[in-house]
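Below are the chains, spelled out letter by letter.
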Amino acid sequence: MADALELAAGGRTVRVTHPDKVYFPERGFTKGDVARYYLAVADGALRALRDRPTTLQRHPDGVTGESFFQKRAPKNLPDWIPTGRIAFPSGRYADEICPTEPAAVLWAANLGCLTFHPWPVRRTDTEHPDELRIDLDPQPGTDYADAVRAALELRDVLAGLGLSGWPKTSGGRGLHVFVPIAPEWDFTQVRRAAIALARELERRAPDRITTAWWKEERGARIFVDYNQTARDRTIASAYSVRPSARAPVSAPLRWEEIPDAVPEDFDLATMPDRFAALGDLHAAMDDEAFRLDEALELAARDERDHGLGDLPYPPEHPKMKGEPKRVQPSRARK
């Protein structure tokens, strides 16, 4: 077994220890394969992470071993990897790594990081998101094809509000759509806009799409997880490897690909060739910064005309002003 592997990235050399350690037994992929994968897609992976406080989902013994989420920057962080201070809903804070060069991605991969979870903010302003992220989550009785249908309908909703989104596979059964926005609104306002988008999507197909926070009310529908825009909620970044047996990755897509592409098309083995041929399909995101005025006006109309105010926050959040009771409906009835 090789002691170490040295990879050159962006003018730096990153040492990857124990590269022959098997991370994905079903496919035979090793730690070295994961590092080489991130080198092959480095420009795209870095674009998704650049200057963003990032939580590392670490699997130091591969997908069959123990794992953990590392929010605070490791103590052995190189001085060339900056950090950003983020505040949690509890009021506590952490300094998280903020990759600014490809070598930072490889350095994290050497720690056993498979999946990167960047905040929707930059380290220069951690209170105002510059991405609105929409998570289309298939519930039991639905599948990826149902998420595809919802995503295409979401594209129309976004266009009607002067917005454009960039879709990607989640690496699981769902789809993510990221909307680059001007960093002028705080987390509460961005979440309010996401709720308005989700409700509009739900209105168009209430039998197939839901905003119900409580699982007992969702049924066999696609859940638009509006709480992925809440503070301290993150989504796996584009190109992230997901910790499943077949080593899937979160793959950026073109809208015209969505009807035919399936998550099984994109994994540790296939994505490097796709990236070499097509480049980073989300590269143009950095050229845009859409405004949320129309989405927030829709939220105001929903509240004014239909009495639709806030929706429940995740359980780890403190009770928020205007939030409905955070009680499971079946228990509330009792």
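Residues numbered from 1 in each chain as written. Predicted model: local features only at pLDDT ≥ 70, side-chain atom pairs only at ≥ 80, totals over all residues. Heavy atoms only, no water.

- Per an unreviewed UniProt entry, the protein carries the name DNA polymerase domain-containing protein and comes from Streptomyces benahoarensis.

### Topic: the environment of A261
Thinking step 1. Relative to the helices and strands, A261 is located in the loop between strand 14 (222-224) and helix 6 (271-278).
Thinking step 2. Residues A261 and P272 lie 11 residues apart in sequence; the distance between their C-alpha atoms is 17 Å.
Thinking step 3. Here A261 is in contact with Y144, L253 and F266, once residues within four sequence places are set aside. (Helix = DSSP H or I, 4+ residues; strand = E, 2+ residues; numbered from the N terminus. Contact = heavy atoms within 4.5 Å.)

### Some thoughts on the pairing of strand 9 (residues 113-118)
The two faces of the sheet receive side chains in turn, since in a regular strand these alternate between them.
Thinking step 1. Most of strand 9 sits inside the fold, with 6 of its 6 residues counted as buried.
Thinking step 2. As defined by bridge partners, strand 5 (residues 54-58) adjoins strand 9 across 5 bridges and the pair is classed as antiparallel. Bridge pairing links T54 to P118 in strand 9. (Buried < 20%, exposed > 50% of the residue type's maximum accessible area, 1.4 Å probe, protein only. Pairing = 2+ DSSP bridges.)

### As for the nonpolar core
Thinking step 1. Judged by nonpolar contacts, the single largest core of 84 residues is most densely connected at Y37, Y38, L132, I134 and L136.
Thinking step 2. Top contributing element to this core by residue count: helix 4 (residues 144-160), with 8 residues.
Thinking step 3. Shared between two domains, this core holds at least three residues of each, these being domain 1 (5-126) and domain 2 (131-233 + 288-306).
Thinking step 4. When residues no more than four places from it in sequence are discounted, the contact partners of Y37 are Y239, V241, V249, L268, M271 and P272. (Core = buried A, V, L, I, M, F, W, Y, C linked by side-chain atoms within 4.5 Å. Domains from an automatic or database assignment.)

### Structural notes on helix 4
Thinking step 1. Under the 1.5 Å per step criterion, the end-to-end length of helix 4 is 25 Å for 17 residues, consistent within 8% with the ideal 24 Å.
Thinking step 2. Here helix 4 has its buried residues at Y144, A147, V148, A150, A151, L154, V157 and L158.
Thinking step 3. Contacts made by the buried residues of helix 4 are with strand 10 (131-138), strand 11 (166-169), strand 12 (175-180), helix 5 (187-204), strand 13 (209-210) and strand 14.
Thinking step 4. In this structure D143 caps helix 4, since a side-chain oxygen of it lies 3.1 Å from the backbone nitrogen of A145.
Thinking step 5. Directly after helix 4, the chain includes G162, whose backbone phi takes a positive value near 75°. (Expected span 1.5 Å × (residues − 1). Polar contact = N/O pair within 3.5 Å; in protein donor to acceptor, adjacent residues only side chain to side chain.)

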